Amino acid sequence: VKAAKEHSIPQDLNKVLENKVMETVLGLSHVKLSVVERTCSGDADSEGIVSKSVSSHSDLIPGVYEGGLKIWECTFDLMDYLTEAEIEFTNKTVLDLGCGAGLLGIVALQGEAARVHFQDYNSTVIDEITLPNVVANCISEGRSGKDRNASNPPSKRPRKAESSPDVLSRCRFFSGEWSQVSQLLSNSKPCLKYDIILTSETIYNPDYYSALHDTLAQLLDANGHVYLASKVHYFGVGGGVYLFEKFIEDKNVFRTSLVKTIDQGLQRCIMEIAFKNSC
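Because the structure is a prediction, the values reported are computed rather than measured.

Calculation notes
- Residues numbered from 1 in each chain as written.
- Predicted model: local features only at pLDDT ≥ 70, side-chain atom pairs only at ≥ 80, totals over all residues.
- Heavy atoms only, no water.
- Helix = DSSP H or I, 4+ residues; strand = E, 2+ residues; numbered from the N terminus.
- Buried < 20%, exposed > 50% of the residue type's maximum accessible area, 1.4 Å probe, protein only.
- Contact = heavy atoms within 4.5 Å.
- Areas by Shrake-Rupley, 256 points an atom, 1.4 Å probe, with all protein chains shown as cover.
- pLDDT = per-residue confidence, 0-100.
- Phe/Tyr/Trp six-rings, centres within 6.5 Å; stacked < 30°, edge-to-face > 60°.
- Lys NZ or Arg CZ within 6 Å of the ring centre and 35° of its normal.
- Core = buried A, V, L, I, M, F, W, Y, C linked by side-chain atoms within 4.5 Å.
- Pairing = 2+ DSSP bridges.
- Salt bridge = Lys/Arg side-chain N within 4 Å of Asp/Glu carboxyl O.

So, about the overall build of the protein. Looking only at helices and strands, the protein features nine helices and ten strands. Taking all 279 residues of the protein together, the buried fraction comes to 51%. A sequence separation of at least 24 residues applies to 71% of the contacts in the protein between residues at least 6 apart. If you sum the accessible surface of the protein, you get close to 12,600 Å²; carbon and sulfur atoms cover 49% of it.

Glancing now at the confidence of the model for the protein. Across the protein, the average pLDDT comes to 86, with 84% of residues at 70 or higher. Predicted confidence for residues 141–158 stays below pLDDT 50, and this span has 35 contacts to residues more than four positions away or in other chains.

Scanning all chains against the criterion turns up eight aromatic pairs. Judged by centre distance (6.1 Å) and plane angle (85°), the rings of Y204 and Y208 are edge-to-face. Residue classification places Y204 among the buried positions, given a relative accessible area of 9%. Centroid distance F244 to F247: 6.5 Å. Interplanar angle 5°. Geometry classified as stacked. Here F247 and F244 lie together in helix α9 (residues 241–251), a separation of three residues that amounts to about one turn. A relative accessible area of 0% places F244 in the buried class. Three or more aromatic residues link up through ring pairs in this structure, and these residues are Y204, Y208 and Y234. We note K70 situated over the ring of W72; from NZ or CZ to the ring centre the distance is 4.3 Å.

What follows deals with the nonpolar core. With 51 residues, the main nonpolar core has F89 and V134 as its most contacted residues. For this core, the leading source of residues is helix α6 (residues 123–138), giving eight residues. With sequence-adjacent residues up to four places away left out, V134 is seen in contact with I106, L109, F118, L168, C171 and F173. In terms of nonpolar packing, the next biggest core, distinct from the first, is built from 29 residues, L97, Y209, V232 and F254 among them.

Now for the pairing of strand β2 (residues 22–25). Relative to strand β3 (residues 28–31), β2 is paired through four bridges, and the arrangement is antiparallel. When the bridges of β3 are listed, T24 appears paired with S29. As consecutive antiparallel partners, β2 and β3 are separated by two residues, and within that stretch L26 has a phi angle of approximately 50°, a positive value.

Turning our attention to the environment of P10. Of note, P10 is situated in the loop between β1 (5–7) and α1 (13–17). Of the residues examined, P10 reaches a relative accessible area of 34% and is grouped as partly exposed. In the structure, P10 is positioned 121 residues away from L131 in sequence and 9.7 Å away in space, judged by C-alpha atoms. Each residue touching P10, except ones within four places of it in the same chain, is listed here: V16 and L131.

Right, let's get into the pattern of salt bridges. Inspection of every chain in the model, using the stated rule, returns eight salt bridges. A salt bridge links R268 to D77; the shortest N-O distance between them is 2.4 Å. Taken together, the residues R268 in strand β10 (residues 268–275) and D77 in helix α4 (residues 73–84) connect sequence positions 191 residues apart. Neither R268 nor D77 differs from the other in exposure class; each is buried. Among the charged side chains, a salt-bridge network with shared partners connects E73, D77, E201, K231 and R268.

Spelled out as structure tokens, the structure:
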């Protein structure tokens, strides 16, 4: 069991962006992941996930590394859907669950969410990818949500952080297994509940369905909504949209709706989840 840990935001934001090479996608800055794989070692990767991922040629090592070093395609599907459906983040409390690069949470921040919390299984992902991405998009050179769809060439130069704007005070960062993070957040005073939970490509392994379901049940506000992006089927590990939908149906806690289907390449879906008795 991977214990939960909250990660502090360093006072010197330039340290967060030190030696980071940034690119842009859909108008959002993010750390160039291939550079992280080449340069992240020693204390910066105490879990050893970078070397293990590279040496095993795998984006997933169950119980060791859960894919946060890569931006998965369903993340972009969900970003598009949030724009198309005009999902309202203003003054909402949002959780980016299994955040990886944190792009979904950054979209919520740019949508004026009151609080955005980021969670990933691996602490290395939070420190070396998620936190730098949030900082890079929050500093004075960051772009507003209105400009998100503007195409921009990748920025190869490291960003320099002038100061910590108010937006970072709305963020918290957590690593660890879902059950442990859920317990940590539930034990806080007041107990944290989220209006919106965003999650992408987190239902690939049926072994995790129970922990994910319980986490959503524990952390979602009574009238909150989960937006989940996934492939219809994950070959090799066996998970997918319809299997998770059936799992939820059997538990009889949530109602689900498939709000968008994407047919290019492997079929993908956006699922909306809410409590059965919610408004």
